[in-house]
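Below, each chain spelled out in residue letters.
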Amino acid sequence: MVPTDWGKVVRTVLKGCCMGAADVVPGVSGGTMALLLGIYPELLASLGALSDKALWQDAANLRWRSVLDRINMRFLIPLGMGIGAALLILARAVEAVLSRWPMQLWSFFCGLILGSAIVIGMDRVAWRPDRILLVLASLATVWLCMGLAPAVTPTVPWFLLLCGWLAVGAMLLPGVSGSWVLVMMGQYGPVLAAVNNQELDIVMVVLAGGAMGLVTVSKALLWLYRRWTQPVLAVLVGIMAGSVRRIWPWNSAAALDGEAVGPDFLGLTLPDITPAYAASTEFMTVCAAAFAGLALVYFLARSSTTEEAFQHEQPR
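Keep in mind the model is a prediction, meaning the values are calculated, not measured. (Residues numbered from 1 in each chain as written. Predicted model: local features only at pLDDT ≥ 70, side-chain atom pairs only at ≥ 80, totals over all residues. Heavy atoms only, no water.)

A. Up close: the overall build of the protein. In terms of regular secondary structure, the protein is built from 18 helices and 2 strands. Counting only residues that meet the buried cut, the protein has 47% of its 316 residues in that class. Expressed as a percentage of contacts within the protein between residues at least 6 apart in sequence, the contacts between residues at least 24 apart total 78%. Surface exposure of the protein reaches about 15800 Å², of which carbon and sulfur atoms provide 71%. (Helix = DSSP H or I, 4+ residues; strand = E, 2+ residues; numbered from the N terminus. Buried < 20%, exposed > 50% of the residue type's maximum accessible area, 1.4 Å probe, protein only. Contact = heavy atoms within 4.5 Å. Areas by Shrake-Rupley, 256 points an atom, 1.4 Å probe, with all protein chains shown as cover.)

Given below as structure tokens:
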């Protein structure tokens, strides 16, 4: 038996916490964190192994040692622990912060997303004209989709199952937030409240759908990622840049006030930056939060070793 590297286990738990923290808020993707932290290929490969036919044959025949050998449990268990802990701890905190300081929180996550797109674009993509076109096409598509109004939908088991499947499938895509999918399907509020209030009937149905999403989506993503690494990364950079429309801080202020706080440009509410507003606490804290998000992304990206960041990744 290979001895356990407890230092790596702790690092994986912490990376899981980063993923879980990202997935609590609409517009921020756990997949983005996985890519920045250098565990994205291993995550897809480990989840894809769960759908292997041989694995389920071994499980049916009670060959548990073979089952454990086929599953990357030393990675999945600590990562899952980190994600679960972050979701449970931060769900209530995020709900409270969003109600008190929405612009500052959205600005922080806006910095995270933009920083992620910049870091991945600079460090991972070998730029060519075709990849620039992919970035622009994916950016425009996501930008338009982010302008769609959230739907009003029923809280019934079959629909919650579908929401969980789509949300977790989206969570694996850097730049696409599972929470944002719940917002678009009209279930973010009910699901967040269910987690905070321990309504297990709702939570378990959503988790079941999420398990289906993990198994079905991860294998397809891994195939795409390994076959067309560079084009996929270019598309993901565009997705991340386009998702900024959903979390632009002044858009949240306009939604809360019911009226625009400044002129509108391509779906972004622009602040009226007068000398008085530029010197205000609101403007300074919003800008500081954005810079904090950018700085955190830079720190996370640089804290991952080169070996981790490019594991299983072959440029194409």
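Now that the structure has been shown, we can carry on.
B. Region of interest: the packing of helix 12 (residues 200-227) against helix 13 (residues 229-242). At a closest axis distance of 5 Å, the pairing of helix 12 and helix 13 adopts a crossing angle of 115°. When the axis of helix 12 is compared with that of helix 13, the two are roughly perpendicular. Residues Leu224, Tyr225, Arg226 and Arg227 of helix 12 touch helix 13, and the partners they reach there are Thr229, Val232 and Leu233. For the contact of helix 12 with helix 13, the class distribution of residues is 4 nonpolar, 1 polar and 2 charged. (Axes fitted to C-alpha atoms, helices over the stretch in contact; angles between N-to-C directions. Parallel < 35°, antiparallel > 145°, perpendicular 65-115°, else oblique. Nonpolar A, V, L, I, M, F, W, Y, C, P; charged D, E, K, R; others polar.)

C. Summary view of a nonpolar patch on the surface. A cluster of nonpolar side chains, contributed by Leu114, Ile118, Met122, Phe291 and Leu294, occupies part of the molecular surface with about 510 Å² of accessible area. Ranked by residue count, the leading element in the nonpolar patch is helix 7 (residues 102-124), at 3 residues. Looking at leucine 294, the relative accessible area reads 32%, which means it is partly exposed. (Patch = residues over 30% accessible without salt bridge, like charges linked within 9 Å, V, L, I, M, F, W, Y side chains within 5 Å. Salt bridge = Lys/Arg side-chain N within 4 Å of Asp/Glu carboxyl O.)

D. Looking closely at the packing of aromatic side chains. Across all of its chains, the model carries 5 aromatic pairs by this definition. Relative to tryptophan 228, the ring of tryptophan 223 lies with its centre 5.4 Å away and its plane at 90°, an arrangement referred to as edge-to-face. Classification of tryptophan 223 by relative accessible area gives partly exposed; the value is 48%. Under the relative-accessibility criterion, tryptophan 228 is labelled partly exposed at 39%. Put simply, the rings of Trp248, Trp250, Tyr277 and Phe283 pair up and form one aromatic cluster. (Phe/Tyr/Trp six-rings, centres within 6.5 Å; stacked < 30°, edge-to-face > 60°.)

E. View of the environment of glycine 84. Along the chain, glycine 84 falls in helix 6 (residues 73-100). With a relative accessible area of 27%, glycine 84 lands in the partly exposed category. Each C-alpha atom of the pair glycine 84 and valine 13 lies 9.9 Å from the other, and the pair is 71 residues apart in sequence.

F. Examining the confidence of the model for the protein more closely. Looking at the protein as a whole, the pLDDT averages 77, with 85% of positions reaching at least 70. In this model residues 305-316 is a low-confidence stretch, pLDDT under 50, and it forms 25 contacts with partners more than four residues away in sequence or in other chains. (pLDDT = per-residue confidence, 0-100.)

G. Highlighting the nonpolar core. Of all hydrophobic cores here, the largest spans 75 residues; its most connected members are Met19 and Leu43. In this view, leucine 43 contacts Met19, Ala34, Phe75, Leu79 and Leu172; residues no more than four positions away in its chain are not counted. (Core = buried A, V, L, I, M, F, W, Y, C linked by side-chain atoms within 4.5 Å.)

H. Quick peek at helix 13. Taking 1.5 Å as the rise per residue, helix 13 with 14 residues should run 20 Å; its terminal C-alpha atoms sit 20 Å apart, in good agreement. The buried count for helix 13 comes to 11 of 14 residues, which makes it a mostly enclosed element. All of the buried residues in helix 13 are Thr229, Gln230, Leu233, Ala234, Leu236, Val237, Gly238, Ile239, Met240, Ala241 and Gly242. (Expected span 1.5 Å × (residues − 1).)

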